[in-house]
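Structural overview
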Amino acid sequence: MTPSTNIRVSVQNMSCASCVGRVERALAAVPGVDAVNVNLASETAQAQIDSDTRVPAVIDALERAGYPARTGTVRLNIASMSCASCVGRVDKALEAVPGVLDVNVNLASETATVTYVEGAVELSDLLKAAADAGYPAEPADATTTEDPGARKQTEAREMARRTAFAAVLALPVFLLEMGAHIVPGVHELIGRTIGHQTSWMIQFVLTSVVLFWPGRHFYLKGFPALLKGAPDMNSLVAVGTGAAYLYSLTALFAPALLPETARAVYFEAAAVIVVLILLGRWMEARAKGRTGAAIQKLLGLQARTARVLVDGEPQEMAIERIVAGDILVVRPGERIAVDGEVIQGSAHVDESMITGEPVPVAKAEGDPVTGGTVNGTGSFQFRATRVGADTTLAQIIRMVEQAQGAKLPIQGMVDRITLWFVPAVMALAALTVLVWLVVGPSPALSYALVAGVSVLIIACPCAMGLATPTSIMVGTGRAAEMGVLFRKGDALQQLTSVDVVALDKTGTVTEGRPELTDLVLAEDFERADVLALVAAVEALSEHPIAEAIVRTAQAEGATRHEVEDFASITGYGVQAKIAGHDVLVGADRLMTREGIDIGAMADAERRLAEQGRTALFAAVDGKVAAVIGVADPVKPASAAAIRALHDLGLKVAMITGDKRETALAIARETGIDHVIAGVLPDGKVAALDELRQGGKQIAFVGDGINDAPALAHADVGIAIGTGTDVAIESADVVLMSGDLRGVVNAFEVSGRTMRNIRQNLFWAFGYNVALIPVAAGLLYPAFGLLLSPVLAAGAMALSSVFVLTNALRLRRVRAVMDESRLPGPVQAPTRSPAPLAAE
């Protein structure tokens, strides 16, 4: 935009003319903003601003007024990025577009994720900004079913052809010039046969083809970037090989311009450098294709067609045509196309590719099914409930892509360094040439050229740019295969600083569904008789405890009775007349109210309460018949997972609304360190602040349904659920499995990924710190060693390949916990435990 131009913004929360007035006043109060026009029907605001720099102030004013601007996110495929300096320039160019709020550029995936103000920014503005910076872009369709690795595979094949062609031409050049260093007498043989001048001419022709055909990319990209004052890795290669080539041309065609002692050609350096860098690019392309293997696997889970009932007859139909409400038929062994609910039939479905759980899950009428999972034996019909981009699998793919494109805090330092790295290297190369010309031995010009080119070639920032994003891509992808979805990529780094893991109780530590655990009978009463009577009266109650009693009665085949005169007594219990008996079920206060003596069963009730059970009395015809114990059982994996968290040096707390006795009983059973009980749903945020005292970092694990405020308030929010029910919008990490094993695996992946990133950064920076001085000639005075540009090119290519190969090791990360590990102690990497205040 230019000064004194219009800005148009989509505005949220406007519902009436008063809202319009407030938005107009808020915008009019911003300095430099005039001619404000707010439209309620289109929910937009237009204004004239005197400078592009006013856009952030406009957005801030709307936010403060309570009518935030609508924001959108677009993912762009960015071409021509080759190093970390490119990342910084693309980032800078896109951020300069007025209305852009956030930019995240990823070198490994060659994408940019841009968050912008809707209405203020058009897609064409972003594409133009990227292109003007020298990096053409195109929108990436997040819902596409195209294999994201296909582009890299195609690029790798093309790079392989170019590398092979260049190598075939460069080999004779290398042998003609360097053969004498390999086989004695070759130099004299060339002189006696074709002659050294002819040898140089052959090298010139072959090298020219190498540089201007398979190597032309370096010059087409590098020199324009250099002329714009924004040199990148291509610029380093272009200047380095170009200098060697031009020096050789001078020695060949105008030798008089050079001192006699400096008349030599370096065609082999220019040609072999191009070959080695092309070889490195080919290996990078292959490795980058493998970093996205997780996305490729997820996309491979999508069915392409499904059998849909049309007028009662099954017809093959592409999944793009399926709409919510369609009835689909699934045969044995088929992949389920979309999310839905079983309406007929039953089967066992393999959901391991979604949840990481290896045991097939039984499905019957009313049960949900997830697209991408595989039917076993059995056939069923289901009604489609979520299709297209709304399916669980599509959401998982989007989350993994977002996490893989994340920029961790540690990357900020890298970006700041690499943005200035290439210009600094070029200045250092120029200084190296100058020093050699001034103090170098004869032929000083040749030595200066070799040293300068070596500095340019060896100091490529590719490895620095790839160090973080490749590890993130592989780490988050592997986590997704284990059922751990990093919805926000920066949670990878934050998890490593967590001191305390706070757990919600119901549905997280426990099953979330009460079960009948005890039925203590009074004298003269039989279990089957009492259970049948109690279940009959509780069948008319909607309380979860009543459902637990009824389920147990059904499982034990208890007799079914007709119920008469049923009544629910609020705060006490229920009563009814069943098979000629007066039946009461409720708390001790109900027995007291009805004048029923509980003395003989009081001890049993007290023991159950101490064990964390909810205890109820059942009375038949005015006499206590039994004490009923109901509890929400602890999940089988909870205790083992908590032991594993302890082994990681973490303290574990539990936050629950239950009474303290019940919570303490569960804490004793599972090994939880700290209990905060009697907390109302809106009090969990305050409970987290209590745990956070002393500067501790908190991860909160909840069921993702009613824990949204706590998940958002924690340093890292981890939603645990079944995938289709989980509230993914509130959490940083989403666990597809239904227990705490996923929490342990999330910490394991986080720790391994961050260690991998630190290894990559250490190598990338250490490589440059160590080898740039060597390339400049630091070892020459003492040892007479001067690094060849060819060796510099090889070392540069290997540095990037090392970083990528190291990142790919994360594909071998295994789950710390699986079903086979539940009975025994869990072994996990250790770290120093964080202190936690006693209860």
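Residues numbered from 1 in each chain as written. Predicted model: local features only at pLDDT ≥ 70, side-chain atom pairs only at ≥ 80, totals over all residues. Heavy atoms only, no water.

The chain is annotated in an unreviewed UniProt entry as P-type Cu(+) transporter from Marinovum algicola. Under the UniProt heading Subcellular location (unreviewed entry), the entry covering the chain gives this text: "Cell membrane". UniProt's Sequence similarities (unreviewed entry) comment on the chain is quoted here verbatim: "Belongs to the cation transport ATPase (P-type) (TC 3.A.3) family. Type IB subfamily." (UniProt positions renumbered as here; feature names shortened; annotations may be inferred.)

Before going further, it helps to examine the nonpolar core. Core analysis: the largest hydrophobic core is formed by 165 residues, its most contacted members being Phe486 and Phe747. The element contributing the most residues to this core is helix α27 (residues 741-776), with 12 residues. Apart from residues no more than four positions distant in its own chain, phenylalanine 486 is found in contact with Met399, Ala403, Thr476, Ala479, Ala491, Leu492, Leu495, Asp732, Val733, Ala746 and Val749. Grouped together as the second largest cluster of nonpolar side chains are 41 residues, Phe525, Leu616, Ala626 and Ile628 included. (Core = buried A, V, L, I, M, F, W, Y, C linked by side-chain atoms within 4.5 Å. Buried < 20%, exposed > 50% of the residue type's maximum accessible area, 1.4 Å probe, protein only. Helix = DSSP H or I, 4+ residues; strand = E, 2+ residues; numbered from the N terminus. Contact = heavy atoms within 4.5 Å.)

Turning our attention to the environment of alanine 567. Tracing the chain through its elements places alanine 567 in strand β20 (residues 563-569). Overall, the relative accessible area of 25% leaves alanine 567 in the partly exposed class. Along the backbone, alanine 567 and leucine 584 are 17 residues apart, and their C-alpha atoms lie at a distance of 9.8 Å. Other than its neighbours up to four places away in sequence, alanine 567 contacts Gly573, Val574 and Gln575.

Let us look at the UniProt feature "transmembrane region" (unreviewed entry) in the chain. When the UniProt feature table is mapped to this numbering, "transmembrane region" (unreviewed entry) covers residues 164-186, 198-215, 236-258, 264-282, 417-439, 445-468, 761-780 and 786-808. Structurally, residues 264-282 is divided into 84% helix and 0% strand, and its ends, taken at the C-alpha atoms, are 31 Å apart. With 100% helix and 0% strand, residues 417-439 has its two end C-alpha atoms placed 31 Å apart.

Take the pairing of strand β3 (residues 44-49) next. Across six bridges, the pairing between strand β1 (residues 5-10) and β3 is antiparallel. Opposite serine 10, over in β3, you have threonine 44 as the bridge partner. The sheet contact formed by strand β2 (residues 33-39) and β3 spans five bridges and is antiparallel. Bridging from a neighbouring strand, asparagine 39 pairs with threonine 44 of β3. (Pairing = 2+ DSSP bridges.)

On to the sheet that holds strand β13 (residues 361-363), then. Strand order in this open sheet of three strands is β13-β12-β15, and the pairing throughout is antiparallel. The open sheet has two edge strands, β13 and β15 (374-375), and neither has a second partner. Examined bridge by bridge, strand β12 (residues 347-350) and β15 share two bridges and lie antiparallel to one another. Residue valine 349 lies in a different strand from β15, and its bridge partner there is asparagine 375.

The next subject is the UniProt feature "domain: HMA" (unreviewed entry) in the chain. UniProt's entry tags residues 5-70 and 72-138 with the feature "domain: HMA" (unreviewed entry), counted in the numbering of this structure. In the segment residues 72-138, helix accounts for 33% and strand for 34%; the C-alpha atoms at its two ends are 17 Å apart.

Time to look at the packing of aromatic side chains. For the structure on display, the rule yields 14 aromatic pairs. Taken together, the ring pairs in this structure connect Phe204, Phe212, Tyr219, Phe223, Tyr245, Phe253 and Phe267 into an aromatic cluster. Positioned above the aromatic ring of tryptophan 213, the side-chain terminus of arginine 216 is 4.3 Å from the ring centre. Directly above the ring of tyrosine 572 sits arginine 593, whose terminal nitrogen or CZ lies 5.2 Å from the centroid. (Phe/Tyr/Trp six-rings, centres within 6.5 Å; stacked < 30°, edge-to-face > 60°. Lys NZ or Arg CZ within 6 Å of the ring centre and 35° of its normal.)

The residue isoleucine 194 is located in the loop between α6 (186-192) and α7 (196-212) in this model. Using a relative accessible area of 39% as the deciding quantity, one classes isoleucine 194 as partly exposed. Residues isoleucine 194 and glycine 599, spaced 405 residues apart in sequence, show a C-alpha to C-alpha distance of 117 Å. Residue contacts for isoleucine 194: discarding those within four places in its chain leaves Leu176, Ser199 and Ile202.

With that out of the way, let us pick up the sheet that holds strand β8 (residues 305-310). Here six strands make up an open sheet; going across it, the order is β9-β8-β10-β16-β11-β14 and the pairing antiparallel. Taken across any chain shown, the strands that pair with only one partner, and hence form the sheet edges, are β9 (313-318) and β14 (368-369). Pairing geometry for strand β11 (residues 339-345) and β14, over two bridges, is antiparallel. Of the residues in β14, the one forming a bridge with glycine 340 is valine 369.

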